[in-house]
Amino acid sequence: MLAIGSPTTSIRTNTTCTALLRELEQIWNDIGESDVDKDRMLFELERECLEVYRRKVDEAANTKARFHHTVAAKEAELATLMALLGEHDIHSPIKTEKRSASLKEKLASVTPLIEEMKKKEDERLKQFADVKAQIEKISGEISGIHPVNDAVSSTTVVEEQDLSLRRLNEYQTHLRTLQKEKSDRLQKVLQCVNEVHSLCGVLGLDFGQTVDDVHPSLHGTEVEQSTNISNSTLEGLEKTILKLKTERKARIQKLKGVVAKLFELWNLMDSSNKERNSFLRITSILGSSESEITERGVLSTEIIEKASAEVERLSKLKASRMKELVFKKRSELEEICRLTHIEPDTSTAAEKASALIDSGLVDPSELLANIEAQILKAKDEAFSRKEVTDRIDKWLSACEEENWLDEYNQDHNRYSAGRGAHINLKRAERARVTVSKIPAMVDNLINKTLAWEDEKKTYFLYDGVRLVSILEDYKLTRQQKEEEKRRFRDQKKLQDLLLNQKEAMYGSKPSPKKSNSFRKTNGYGTNGNASMPPTPRRNSLSGGTTSELLTPRSYSGRHNGYFKEMRRLSTAPLNFVAIPKEDTMSYASLGGSSEPESPPQG
């Protein structure tokens, strides 16, 4: 195709126009047109040609303007799309179109780019729509306002003037934040629901009804139904948990009171293990904290009502057996007093209590409470006396060793090679060490007792007798006993001297036989059992009496007939060596006196 205005086109056009003009002039000549008419018609012809050229130029100019407008519109559209999508490529056709010579080339290069950008725009709009739909959905779940559908409205898309990747990343970051918050909320909701389930199980409540009151989705059965994670749901769950914990605490306190009452009644009534085992499930909560009580139904109203009914039944049975319970508690009080050597309160003695109950003057429950108070008082007093009573036990144990040692020393066969003799010999050595500590032990006990009396502002009584008096009497008796032994040793030396004088005057005679009057009846050493001391007993000479060391047991046995136990820890005096009758007569004639005087009674 030849370009308009090219030389070849001009030559061809001029040749054609010249030939046509010549043909037109020939026709005019043949017609006989005048020169004026010819000039006029040529002028018209030139004018018409000019108009045709002008019209063609105008049409070409309009076409060029349209092309310019189209190219500009396309470039503007491309620029808008690129700005909307955030595309800023330095090699874009907008910057290179200045180097293009033709508008059609510009249009041809911009059009496919616009189509490509429109496709990107559609894809980007879908991405934005998907992200914003998820954001809107999760935001609605968090706020508790769910949208009608999951699609994003067209208004939302149109209003979005930035479809760049940067803006898309911002939405995606926001979406991930919301997704994490949703996951955290869902986890918290599930934890709260599990806690509600556990509390409902312990309290015996309907879990479904409890969570339905908060939100139906928490106990929904439909698969497509999602768990509500709104603030109102979380607040409702927290309030429900707080309410259930408060109820659990109240029931625990109530049940502990019932169980404590059960134990009290069981102990009073001597209930069998079978009766107690039926409530073993709830009695275990006494030593458990709230968080450790997780067994299902252990705090249900049925369990509490069952335990309360048992308390009511035992209370009625207790009323019918109150007299027996009073006697039982009184026996317990007397046993505590017996073990601690204190006098029980006589106002609640068995005879008086029985008479008061039978007469109806005293409520058995009040009497029982009075005895229980006396038991607590006796236990407290026993605790305060423990340091002194421990020292008393050590002293009594030492007295028993002293008693055993005295009887052991009186045995003439103690050094024989019999069975168990070496055991008794070792025990005797230990007993001598123990006995040597008795005076200091008694003095320390007196000091400790006096300190106790100063602190308590009352006498320390032991089975109704003041302990200090017993100890002072013991010290006095012990001193008398030591004096008695000393006089006896002097008399024995005098006897030996008289015997020696008699032998010198009349010659020696066969040695008198050893007296068999002293025999062990309990076998303190002959049977090899050195751990059992012999039974204390008194030995006497004819017409004589023995001195006796008064311990709290023997002393209280003399002064208080309430207890049957009267253990006397006495020390038997040493016997004279038995002398034949004829020797005794000789001794009397030579010495001018009768048998040695028996030791005075201590």
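Preceding this paragraph is the structure being described.
My aim in this report is to walk through the structure given alongside it, one point at a time. Small disclaimer: the values here were computed from a predicted structure and weren't measured. (Residues numbered from 1 in each chain as written. Predicted model: local features only at pLDDT ≥ 70, side-chain atom pairs only at ≥ 80, totals over all residues. Heavy atoms only, no water.)

### Structural notes on the state of the cysteines
Part 1 of the reasoning: Applying the stated rule across the entire model yields zero disulfides.
Part 2 of the reasoning: Sulfur of Cys49: no disulfide; nearest cysteine sulfur belongs to Cys17 and is 6.8 Å away. (Disulfide = S-S within 2.5 Å.)

### As for the nonpolar core
Part 1 of the reasoning: Among the nonpolar cores identified, the biggest contains 52 residues, and Val196, Leu255, Ile282 and Leu299 are the most heavily contacted of them.
Part 2 of the reasoning: Secondary-structure elements contributing two or more residues to this core are α2 (35-85), α4 (103-143), α6 (165-203), α7 (207-212), α8 (231-269) and α11 (301-320).
Part 3 of the reasoning: Looking at this core element by element, the count peaks at twelve residues for α6.
Part 4 of the reasoning: The residues contacting Leu299, other than those within four sequence positions of it, are Val202, Leu203, Arg248, Arg251, Ile252, Leu255, Ile293 and Ile304. (Core = buried A, V, L, I, M, F, W, Y, C linked by side-chain atoms within 4.5 Å. Buried < 20%, exposed > 50% of the residue type's maximum accessible area, 1.4 Å probe, protein only. Helix = DSSP H or I, 4+ residues; strand = E, 2+ residues; numbered from the N terminus. Contact = heavy atoms within 4.5 Å.)

### Focus: the environment of Asn228
Part 1 of the reasoning: Along the chain, Asn228 falls in the loop between α7 and α8.
Part 2 of the reasoning: Judged by relative accessible area, which is 7%, Asn228 ranks as buried.
Part 3 of the reasoning: Taking C-alpha positions, Asn228 is 9.9 Å from Ser143, a pair spaced 85 residues apart along the chain.

### Quick notes on helix α13 (residues 350-359)
Part 1 of the reasoning: Within the sequence span of α13, burial applies to Ala353, Ser354 and Ile357. All buried residues of α13 fall inside an arc of 100° around its axis, so they share one side.
Part 2 of the reasoning: Buried-residue contacts for α13 involve α12 (322-340) and α14 (364-409).
Part 3 of the reasoning: Backbone geometry just after α13 places Gly360 at a positive phi near 80°. (Arc of directions from axis to C-beta.)

### Describing the packing of α6 against α8
Part 1 of the reasoning: Close contact between α6 and α8 brings their axes to 10 Å; oriented N to C, the two are set at 25°. By the angle between their directions, the pair α6 and α8 is classed as roughly parallel. Handedness of the α6/α8 crossing: left-handed. Residues Arg185, Lys188, Val189, Cys192, Val193, Glu195, Val196, Leu199, Cys200 and Leu203 of α6 touch α8, and the partners they reach there are Asn231, Leu234, Leu237, Glu238, Thr240, Ile241, Leu244, Lys245, Glu247, Arg248 and Arg251.
Part 2 of the reasoning: Its residues assigned to classes, the contact of α6 with α8 shows eleven nonpolar, two polar and eight charged. (Axes fitted to C-alpha atoms, helices over the stretch in contact; angles between N-to-C directions. Parallel < 35°, antiparallel > 145°, perpendicular 65-115°, else oblique. Left-handed = near helix turned anticlockwise from the far one by under 90°. Nonpolar A, V, L, I, M, F, W, Y, C, P; charged D, E, K, R; others polar.)

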